[in-house]
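Coordinate inspection notes
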Amino acid sequence: MDRNQTPWIFVLNHTPWYNPNEAHKGEGESMRKAMEELLYNARVDVVFAGHVLAYERFTRVYNNTANSCGPIYITIGDGGNREGLAMTHEHPAPLISMFREASFGHGRLNVIDQTIAHWSWHRKNETDAVVADEVLIKSLSSTASCVPNGLGHDEL
């Protein structure tokens, strides 16, 4: 893939691979073990998942460890349903978890240019959506230390 033409790679999963919430904990582990290296080698920027009825954003991760060349993982399954929110998180939070909350809400991804995107999560209060979490994301295609040695942009 020519990352000059496709500077961002986003992946959508149903079940999160990283999930310290008691709801559905471990359900994505077999898929993570089978697929995570592929996503890491492709330098996927962000992996979005749902399924767990809560919000959580992780740092860049590979193989359960913070890794500056791994994807950011975001669980955003908090749009609402009949079952209610997934309220029981593992305590303390894993070091790779940057923000988590069991509230209804929605996210916004704004790709600013080939190198920077803005992600924000908006908690739904009674009448307003309030920004509760946000982060600027640098594309891995623009991070020289994350381009594998000897590979051109069209070989990623």
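Refer to the structure above for everything that follows.
Being a predicted model, the structure only gives us computed values, none of them experimental.

1. Thoughts on a nonpolar patch on the surface
Judged by side-chain polarity, Phe10, Leu109 and Val111 come together as a nonpolar surface patch covering roughly 210 Å² of accessible area. The topology assignment puts Val111 in strand β7 (residues 105-111).

2. Remarks on the nonpolar core
The biggest cluster of nonpolar side chains holds 11 residues, and these are Ile9, Val11, Trp17, Tyr18, Leu39, Val44, Val47, Phe58, Val61, Tyr73 and Ile96. With residues up to four places along the chain from it excluded, the contact list for Ile9 reads Met1, Arg3, Ala42, Arg43, Val44, Asp45 and Val46. Core analysis: the next-biggest nonpolar cluster, separate from the first, contains 10 residues, Val46, Ile72, Trp119 and Trp121 among them.

3. Brief notes about the side chain of Arg100
With respect to the helices and strands, the residue Arg100 is situated in strand β6 (residues 97-101). Put simply, Arg100 is tucked away with no salt bridge, and the nearest opposite charge, on Glu56, sits 4.2 Å away. In contact with Arg100, not counting residues within four places along its chain, are Pro20, Tyr55, Glu56, His89, Glu90, His91, Pro92, Ala93 and Pro94.

4. Remarks on the sheet that holds β7
The strand order across the open sheet built from 3 strands is β7-β8-β9, with neighbouring strands paired in antiparallel fashion. The sheet is open, and its two borders are formed by β7 and β9 (129-138), each paired with just one other strand. In this sheet, neighbouring strand axes are inclined to one another by 15° on average, regardless of whether the strands run parallel or antiparallel. Taken together, the 7 bridges between β7 and strand β8 (residues 116-124) define a ladder with antiparallel strand orientation. By the bridge assignment, Arg108 is partnered in β8 with Ser120.

5. Considering the packing of aromatic side chains
Here the structure, examined in full by the defined rule, presents 10 aromatic pairs. Where Trp8 meets Phe10, the ring centres are 5.8 Å apart and the plane angle is 5°; that geometry is what we call stacked. Measuring from ring centre to ring centre gives 4.1 Å for Tyr40 and Tyr62, while their planes differ by 25°; the resulting arrangement is stacked. In this pair, Tyr40 sits in helix α1 (residues 29-41) while Tyr62 sits in strand β3 (residues 55-62), placing the two residues 22 residues apart along the sequence. Assessed through its relative accessible area of 15%, Tyr40 is described here as buried. A residue is classified by how much of its surface remains accessible, and Tyr62, at 23% relative accessible area, is partly exposed. Taken together, Trp8, Phe10, Phe48 and Trp119 form an aromatic cluster joined through their ring pairs. In this structure, Arg43 packs its charged tip against the face of Tyr40, placed 4.4 Å from the ring centre.

Reading guide: rules and limits
- Residues numbered from 1 in each chain as written.
- Predicted model: local features only at pLDDT ≥ 70, side-chain atom pairs only at ≥ 80, totals over all residues.
- Heavy atoms only, no water.
- Patch = residues over 30% accessible without salt bridge, like charges linked within 9 Å, V, L, I, M, F, W, Y side chains within 5 Å.
- Areas by Shrake-Rupley, 256 points an atom, 1.4 Å probe, with all protein chains shown as cover.
- Salt bridge = Lys/Arg side-chain N within 4 Å of Asp/Glu carboxyl O.
- Helix = DSSP H or I, 4+ residues; strand = E, 2+ residues; numbered from the N terminus.
- Core = buried A, V, L, I, M, F, W, Y, C linked by side-chain atoms within 4.5 Å.
- Buried < 20%, exposed > 50% of the residue type's maximum accessible area, 1.4 Å probe, protein only.
- Contact = heavy atoms within 4.5 Å.
- Lys, Arg positive; Asp, Glu negative; His and termini not counted.
- Pairing = 2+ DSSP bridges.
- Axes fitted to C-alpha atoms, helices over the stretch in contact; angles between N-to-C directions.
- Phe/Tyr/Trp six-rings, centres within 6.5 Å; stacked < 30°, edge-to-face > 60°.
- Lys NZ or Arg CZ within 6 Å of the ring centre and 35° of its normal.

Shape is all these values report; function is a separate question.
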